[in-house]
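Spelled out from the first residue to the last, the chains are:
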Amino acid sequence: MDAKKLIEIRDLKVFYKTASNLFFKKNNDVRAVNGVSLEIYEKETLGLVGESGCGKSTLGRAILDLRPIEKGSINFDESGQINNKKGINKLNKKNYQIIFQDPFSSLNPRMSVGDIVKEPLDIHYNLRTSEKINRVKDLFKMVGLDPSYIYRYPHEFSGGQRQRIGIARALAVSPKFIVCDEPISALDVSIQAQIIKLLKKLQLELGLTLLFISHDLSVVWYIADRIAVMYLGKILEIGSKKEIFQNPKHPYTKALLSSIPMPDPLEERKREKIILEGDMPNPTHPPAGCVFSSRCPNYIDECSISEPMLIPKNNKHSVACHLV
Amino acid sequence: MKLLEVKKLNIKFNILDGIVNAVNDVSFEIKKGEVLGVVGESGSGKSVTFLSLFGLIPQPPGEIVSGRAIYKSENLLDMSKKKLSKLRADEIGFIYQDPLTSLNPVLKIITQIIESPVLNRRLTKAQAISEAKVLLKHVGISDQKKNYDSYPHQFSGGMRQRAMIAMAIANKPNILIADEPTTALDVTIQAQIIELVKKIKDEIGMSVVWISHDLGVIAGIADRVIVMYAGYIVEEAPVLELFKNPKHPYTRGLLNSIPRINSDIDVEGIDGIPPDGLKKHIGCPFSERCSSVMDKCINSLPALKKIRNNHSVSCFL
């Protein structure tokens, strides 16, 4: 893969502050993203998977400068850099957009959907109104909506249609990169399929780079080129789609893959499942050593002493585990 | 052995905007000890069907228009409220999608578990508490960190669902109605809960109705599956048959909407949007979205017909 790096993340940490006790200063920050390094290449779709609370959405938002970062840096090709020192955050936001999970709360109910899609054009371009409206109509066609709908309001649309409007809004300023933050998890199965097909088509046609955040591994299989598995603020494994699904190395990835319900009764009953014990630990106090040590079926003493680094096993696959 | 037999159930909701025909001519049965999977998208009537049988939909706006539901040679739909409440307590267990909103936030978990045994089986509080502790241990909640003295907010989503299960099985029900019990949970926790329900089902020998929109989950747990669309049963078959040989275009569409891991088959999805409950159907409710629609489908409603042993479909094709 000689693709050009679009985004390079180095040792990124994003914390959420919790109210500290007046008398005893305790370190109770929620370590949502706790030392993540990864690259995103041009025109690829990177799938970011993990369970709720693992920090995947926070990571997506930090990349778009929507969350202040604690430590580390994010470098963009020519569009700038984000780091934790104030004042040198420079990001050409026109190139970096986001699609949200909930198409019901991410559209302003008081604006017509045409205005919602037009708003980024108002901010980033100096166009005449008629030009903007033509652009909005083109965008509606691009996402499979009737252009005559632009004067309607969000409540007149179904969930799938609203998500299409969210996609049109993200595409309005012709971005290079879009964070898709669980864009289909609020939708019905038959509508999910429509939206992921649309996203895949747009990604190919427009040459977009996507960070596709999801907890649904079968969807990620469909849309992603590479996959990063996140747990408790860390990347445990990253590699090409085929490597992750067919040759998973990390015990967490293995458990995650074995827990996906397969729509095939014979397969589903035959399959050996790895059932993990317990829940994800509290991110204010991650376990010492490996973050997965408290639930790992292959735990050895070393796991709670030292933290395994994310080490490349071959050029398409890196794993953070002492046993691999 | 038939445990429950539902015949021609029709339910509507009278709301400000008009009438929603939520359940239309639905007939099915639950056999003893089986897991009946119910699949459908939001608004397909899958939850309403099962809640209504046990008097759990508010009336008004809900209205059971017609139908019979025979359980132990009595019609549930004619039963007095008091009798129905007693039946729910003794013989039917419920677990819901969102364990946080279905638990009372100001009562300790254990207080909520003993409520029914104390009221209905006249146990003393001490008896009920010791029984509840055994139950909690059984569903995988240990007494570490004073778990037995906790409130719902102190539990994680998976633990809350375990507590709900403990509550549902406290009186050893004949039927457990599980309404999307794992939808709000992560996949690794979902796998834990599914294993737990399977284990308990075998121990008590109860029947389970597992309502879900996730065909993967249904494939793993159900013996027989009902597919619902717009308040109609469109297909019913044993689980192996349904996944190997789906007949209704909607069932096929659903199966083709799920990306298959480790295969390059493209997803197809289903065009259009889910039906508007307010609209009255003359023809097949799926006709607007069906890729093989014919004139006949728009004008008349196909009946649910048996095409072979235990496999029924409502489609002209």
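Computed from a predicted model, the values in this text were never measured in an experiment.

**Student:** Now, about the overall build of chain B: what can you tell me, with residues and values included?
**Tutor:** When its secondary structure is counted, chain B shows eleven helices and twelve strands. For chain B, the C-alpha radius of gyration of 20 Å lies close to 20 Å, the compact-globule estimate for 317 residues. Taken along its principal axes, the extent of the C-alpha atoms in chain B is 65 × 50 × 40 Å.

**Student:** Tell me about unusual backbone geometry, and name the residues and values.
**Tutor:** All names here are of chain B. Along the chain, Gln59 connects to Pro60 via a cis peptide bond; the corresponding omega equals -15°. Topologically, Pro60 is positioned in the loop between α1 (46–53) and β4 (62–71). Put simply, Pro60 and Pro61 share a cis peptide bond, and its omega is 10°. Even without being a glycine, Ser73 presents a positive backbone phi close to 55°. Among the structural elements, Ser73 can be located in the loop between β4 and β5 (74–75). Of note, the phi angle at Ala230 is positive, near 50°, even though the residue is not glycine. By the secondary structure assignment, Ala230 is in the loop between β9 (224–229) and β10 (232–238).

**Student:** Give me the lowdown on the sheet that holds β9 of chain B, citing residues and values where you can.
**Tutor:** Residues and elements named next belong to chain B. Read from one edge to the other, the open sheet built from eight strands follows the order β6-β7-β8-β3-β9-β10-β12-β11, with strand pairing classed as mixed. Where the open sheet ends on each side, the last strands, each with one partner, are β6 (92–95) and β11 (305–308). Strand-to-strand, the axes of this sheet are offset by a mean angle of 20°, without reference to chain direction. Pairing between strand β7 (residues 175–179) and strand β8 (residues 207–212): five bridges, direction parallel. In the sheet register, Ile177 faces β8, and the bridge partner there is Val209. Along the sheet face, helix α6 (residues 157–168) touches β6 and β7 and points at about 170° away from the line of β6.

**Student:** I'd love a proper account of helix α5 (residues 189–206) of chain A, names of residues and values included.
**Tutor:** The end-to-end C-alpha separation of α5 of chain A is 26 Å, in line with the 26 Å expected for 18 residues at 1.5 Å each. Turning to α5 of chain A, its buried residues are Val189, Ser190, Ile191, Gln192, Ala193, Gln194, Ile195, Ile196, Leu199 and Gln203 of chain A. Where α5 of chain A is buried, its residues meet β3 (45–49), α4 (159–171), β8 (177–181), β9 (209–214) and α6 (217–223) of chain A together with α10 (249–257) of chain B.

**Student:** I'd like to hear about the packing of α4 of chain A against α5 of chain A, residue by residue, with values.
**Tutor:** Residue and element names in this part refer to chain A. Where α4 contacts α5, the axes come no closer than 10 Å and their chain directions differ by 15°. The angle between α4 and α5 places the two elements in the roughly parallel class. Along this stretch, α4 crosses α5, giving a crossing that reads as right-handed. Between α4 and α5, the residues in contact are Gly159, Gly160, Gln163 and Ile167 and Ile191, Gln194, Ile195 and Leu198, respectively. Split into classes, the residues belonging to the contact of α4 with α5 amount to four nonpolar, four polar and no charged.

**Student:** I'd like a description of the environment of Asp225 of chain A, backed by residues and values.
**Tutor:** Residues and elements named next belong to chain A. Summarising the element assignment, Asp225 is placed in the loop between α6 and β10 (226–231). By C-beta crowding, Asp225 is classed as partly exposed, having 18 other C-beta atoms within 10 Å. It is 8.9 Å that separates the C-alpha atoms of Asp225 and Gly239, two residues lying 14 residues apart in sequence. Setting aside chain neighbours within four positions, we find Asp225 in contact with Glu44, Thr45, Ser240 and Lys241.

**Student:** Give me the lowdown on the nonpolar core, citing residues and values where you can.
**Tutor:** Formed by 181 residues in total, the largest nonpolar core has its most connected members in Leu211, Phe212 and Val229 of chain A together with Ala166 and Val209 of chain B. Each residue touching Phe212 of chain A, except ones within four places of it in the same chain, is listed here: Thr45, Leu46, Gly47, Leu48, Cys180, Val220, Ile223 and Ala224 of chain A.

**Student:** Lay out the interface of chain B and chain A in plain terms, naming residues and giving numbers.
**Tutor:** Taken residue by residue, the interface counts 36 residues in chain B and 37 residues in chain A. Listed by contribution, the elements that provide at least two residues to the side of chain B that touches chain A are α7 (187–204), α8 (215–221), α9 (239–244) and α10 of chain B. Looking at which element gives the most residues to the side of chain B that touches chain A, the answer is α7 of chain B, with seven residues. Classifying every residue of the side of chain B that touches chain A gives 18 nonpolar, 13 polar and five charged.

**Student:** Residue-level account of the sheet that holds β3 of chain A, with values.
**Tutor:** Residues and elements named next belong to chain A. Read from one edge of the open sheet, eight strands run β7-β8-β9-β3-β10-β11-β13-β12, paired in mixed fashion. Each having just a single partner strand, β7 (96–99) and β12 (311–314) make up the two edges of the open sheet. Neighbour to neighbour, the strand axes of the sheet diverge by 20° on average, direction disregarded. The pairing of β12 with strand β13 (residues 317–319) spans three bridges and is classified as antiparallel. Opposite Ile311, over in β13, you have Val319 as the bridge partner. Contacting β3, β8, β9 and β10, helix α1 (residues 56–63) crosses the sheet at an angle of about 155° to β9. Helix α8 (residues 251–259) rests against β10 and β11 (234–240) of the sheet, and its axis sits at about 105° to β10.

Conventions adopted
Residue positions are counted from 1 within each chain, in the order its sequence is given. To read the labels, note that chains go from A and ligands from 1, taken in the order they are written. Side-chain atom pairs in this predicted model are given and counted only at pLDDT of 80 or more, local residue features only at pLDDT of at least 70, and totals for whole chains, interfaces and linings cover all residues. The helix count covers DSSP runs of H or I at least four residues long, the strand count covers runs of E at least two residues long, and both are numbered beginning at the N terminus. Based on C-alpha atoms, the radius of gyration is set beside the globule rule, defined as 2.2 Å times the residue count to the power 0.38. Any two strands with at least two DSSP bridges between them are considered paired. Lines fitted to C-alpha atoms define the axes here, with helix axes fitted over just the stretch in contact, and angles between the N-to-C directions of these axes take values from 0 to 180 degrees. We call two residues in contact when their backbone-placed C-beta atoms lie within 7 Å. Residue count minus one, scaled by 1.5 Å, sets the expected span of a helix. Any residue surrounded by 20 or more other C-beta atoms within 10 Å of its C-beta is treated as buried, while 12 or fewer makes it exposed and the intermediate range makes it partly exposed; C-beta atoms here are placed from the backbone. Convention used here: angles under 35 degrees read as roughly parallel, angles over 145 as roughly antiparallel, angles from 65 to 115 as roughly perpendicular, and any remaining angle as oblique. Each helix crossing is assigned a hand: it is left-handed if the near helix lies turned anticlockwise from the far helix by less than a right angle, otherwise right-handed if that turn is clockwise. The classification used treats Ala, Val, Leu, Ile, Met, Phe, Trp, Tyr, Cys and Pro as nonpolar, Asp, Glu, Lys and Arg as charged, and all other residues, Gly among them, as polar. By definition, a nonpolar core groups buried Ala, Val, Leu, Ile, Met, Phe, Trp, Tyr and Cys residues that are joined through C-beta atoms within 7 Å.

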